[in-house]
Amino acid sequence: MPAPLTVIAASEHIDALTADRDAPWLEDVALIPLGLHDTIASTHLAGAGILVVQIDPAVPASMRRIERVRKLRSDLPQVVALESANVGLVRTLLREGVADVVSLPLSFEELLQAAVTVMESRAPQPDARDTLAPLVAVARTPGSSGATTLATHLGARLAREGTGVCLFDLDIQTGRAAEVLGLRPRRCLTDLLDAGVRIDQAMLQSVVEQHSSGLALVAAPQDIGPLEAIDSEQLHKAVELARKAYDYVLMDLPTGLTNWSLTMLAEANAIVMIVEQNLASLRQARRRLDLMRSVGIDRKHISIVVNRVERRLFGSIGLADVEEALGHDVLCAIHADAQNLGIAQDQGLLVHEVRSKSPYSADVDKLADALRIKFGKLS
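Because the structure is a prediction, the values reported are computed rather than measured.

Participant: Got a sec to walk through the overall build of the chain? Specific residues and values, please.
Facilitator: Per the secondary structure count, the chain includes 15 helices and 13 strands. Oriented by its inertia axes, the alpha-carbon framework of the chain measures out at about 75 × 40 × 40 Å. A burial count over the chain gives 50% of its 379 residues as buried. Taking the contacts inside the chain whose residues are at least 6 apart along the sequence as the reference set, 76% of them involve residues at least 24 apart. Put simply, the chain shows about 17,600 Å² of open surface, and 49% of that area lies on carbon and sulfur atoms. Taking the 38 positively charged and 48 negatively charged side chains of the chain as two groups, their mean positions are separated by 5 Å.

Listed below in C-alpha cells is the structure:
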C-alpha cells in the first residue's frame, strides 16, 4: 500500500476482505468492523494515512461520519464506500471534500486504485509557471468529421516527445476521446466544473487520465447535458491550471457554437479548423470564419486542416479550391486511412500502434511540427 490505509465498514465487508488470510497486503491495512449506527472515535483513526469509510444515505448516523472524521482529523483524506450511488450523490460527496468513492462489496483492487489516486492527487505539485502554455483549439464544422480522432492523435504525437500535453474533451454531448484512446476514466470534466473554489492543481491531477503516450486527458462527461450548462468561468480556471502544468493544452470543441465555446476560441493561441473537401463543410467553415472575425479572433490564429483527403488523380475539389473558397491558406492535409483507423479504434489504439507507416500518422506528424514551429518550439 502507498500509505497506511484504514478501512471502517460493517463486519460482513471486513470479513469478505479477510477471506484470504495469507494475503500479504493485510499487514499494511487496519480493518475495523463498525456498524453504520456506531460512532467513529479518534482511536479508530490513529496512524491512518487514508480512510475508507462505509456510509449509507438511508442511515443519517453514517452520513455524519464524514463531518465527524473531518473534526477529528482534518488532514485525513476520506474515501467513501457505498452499496449504490447515483451520479448526483457522488458529485455532492466530492464537492464536500471526499477524496474518492468506491463501491461495496469492497475489493482489494479497487481499494488500491483509490489509494493510489488519493496519493497522486496529494503529491507535491511543481511550482506554477510564470507563462501559460499554448492553448490549441480543435474545431469542427457541420459537414466534416474526424476532429476527435485528429485531436487525440495530435496530442499523443506531441506527448511522445516527452512534452507535457493535456487534452480537454469539451464535446460534452458526444465526446469520445477516452474511447479513441482506449481509456476508462474514473473522473471527468464535470468533476472540475463542480469543484467550485476547491479547484486546484491537485484536483486537476486527480481528474486527468494518463495515456501510454504521455498524453493527459480530461474526459467528457458520461451524462448528456445541455451545451449551455457549462460554467465558462470555471472552465477557464480549469484550462488555465492545465496551461500552468503542461507544455501544450488542447481542446476538442463541440460542433455547436455557444457563448463558452466562442470564449475558449477567443482565448486559444491557435485554432485548428477541420474541413473536408465537400461543399457543405466549406460553406459552414466560411460562415464560422466570418463569425470568428466578427468577434475579434485574429485570422492568423486560425489554421485550416483538410481532413480525409483522398489520393485521387481527379478530384472535384482540390486543396487550391479549398483555399480559394475560404480565402485562407491550408496549413496541412490529412490523408484518409479508413482501414487502419478502423482497426486501431476497434482495439482502443492509435493508428501508429497498428501500422507504423500509416499515411495518417505521417500527416499528423507534419501538423505537430507545424504547431511546434508556430510556437517557436521547433527550429
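On we go from here.
Participant: Describe the environment of methionine 119, with residues and values.
Facilitator: Relative to the helices and strands, methionine 119 is located in helix H5 (residues 108-121). Placed 114 residues apart in sequence, methionine 119 and glutamate 233 show a C-alpha to C-alpha distance of 28 Å.

Participant: Account for the sheet that holds strand S12 (residues 302-309), with residues named and values stated.
Facilitator: Two orientations exist for strands paired in a sheet by backbone hydrogen bonds: parallel and antiparallel. In spatial order, the strands read S8-S9-S7-S10-S6-S11-S12-S13; together these 8 strands make up an open sheet with mixed pairing. With one partner strand each, in any of the chains shown, strand S8 (209-210) and strand S13 (330-335) form the two edges of the open sheet. Pairing geometry for S12 and S13, over 5 bridges, is parallel. The partner of isoleucine 304 across the bridge, within S13, is valine 330. Here helix H12 (residues 279-294) sits on the sheet in contact with strand S11 (270-275) and S12, set at roughly 155 degrees to S11. Here helix H15 (residues 359-374) sits on the sheet in contact with strand S6 (135-139), strand S10 (248-252), S11, S12 and S13, set at roughly 160 degrees to S13.

Participant: Mind laying out the packing of helix H6 (residues 147-159) against H15, listing which residues take part and the relevant values?
Facilitator: Two quantities define a packed helix pair, namely the angle between the helix axes and the distance between the axes. It is the contact of H6 with H15, at a shortest axis distance of 9 Å, that shows an interaxial angle of 65 degrees. On the basis of their axis angle, the class for H6 and H15 is roughly perpendicular. Relative to H15, the crossing made by H6 is right-handed. Only Tyr360, Val364, Asp365, Leu367, Ala368, Leu371 and Arg372 of H15 make contact with H6, whose side of the interface consists of Thr149, Leu150, His153, Leu154, Arg157 and Leu158. Broken down by class, the residue content of the contact of H6 with H15 amounts to 8 nonpolar, 2 polar and 3 charged.

Participant: Just give me the short version of the sheet that holds strand S5 (residues 100-103), but keep the residues and values in it.
Facilitator: Within the open sheet, the 5 strands sit side by side as S2-S1-S3-S4-S5. Their pairing is parallel. A single partner strand is all that each edge strand has here, and the edge strands are strand S2 (29-33) and S5. Taking each pair of neighbouring strands and ignoring which way they run, the sheet shows an average axis angle of 20 degrees. The strands that helix H3 (residues 65-72) touches are strand S1 (5-9), strand S3 (50-54) and strand S4 (78-82); relative to S4, the one it contacts most, it runs at about 160 degrees.

Participant: Account for the pairing of strand S7 (residues 165-169), naming residues and giving values.
Facilitator: Counting buried positions over the 5 residues of S7 gives 5, a clear majority of the element. Burial along S7 is two-sided: Val165, Leu167 and Asp169 facing one way and Cys166 and Phe168 facing the other are all buried. Where S7 and strand S9 (residues 216-218) come together, 3 bridges link them in parallel fashion. Within S9, the position partnered with leucine 167 by the bridge is leucine 217.

Participant: Please give an account of the pattern of salt bridges that cites residues and values.
Facilitator: What the rule picks out here adds up to 14 salt bridges. A salt bridge links arginine 176 to glutamate 179; the shortest N-O distance between them is 3.6 Å. The exposure class of arginine 176 is partly exposed, given its relative accessible area of 28%. Two residues, aspartate 363 and lysine 366, come together in a salt bridge whose shortest N-O distance is 3.9 Å. Taken together, the residues span about one helical turn, with aspartate 363 and lysine 366 both in helix H15 at a distance of 3 residues. You can call aspartate 363 buried: its relative accessible area is 4%. In the salt-bridge network here, residues are joined through shared partners; they are Asp100, Arg186 and Arg187.

So, how was this worked out
Residues numbered from 1 in each chain as written. Predicted model: local features only at pLDDT ≥ 70, side-chain atom pairs only at ≥ 80, totals over all residues. Heavy atoms only, no water. Helix = DSSP H or I, 4+ residues; strand = E, 2+ residues; numbered from the N terminus. Buried < 20%, exposed > 50% of the residue type's maximum accessible area, 1.4 Å probe, protein only. Contact = heavy atoms within 4.5 Å. Areas by Shrake-Rupley, 256 points an atom, 1.4 Å probe, with all protein chains shown as cover. Lys, Arg positive; Asp, Glu negative; His and termini not counted. Charge placed at Lys NZ, Arg CZ, Asp CG, Glu CD. Pairing = 2+ DSSP bridges. Axes fitted to C-alpha atoms, helices over the stretch in contact; angles between N-to-C directions. Parallel < 35°, antiparallel > 145°, perpendicular 65-115°, else oblique. Left-handed = near helix turned anticlockwise from the far one by under 90°. Nonpolar A, V, L, I, M, F, W, Y, C, P; charged D, E, K, R; others polar. Salt bridge = Lys/Arg side-chain N within 4 Å of Asp/Glu carboxyl O.

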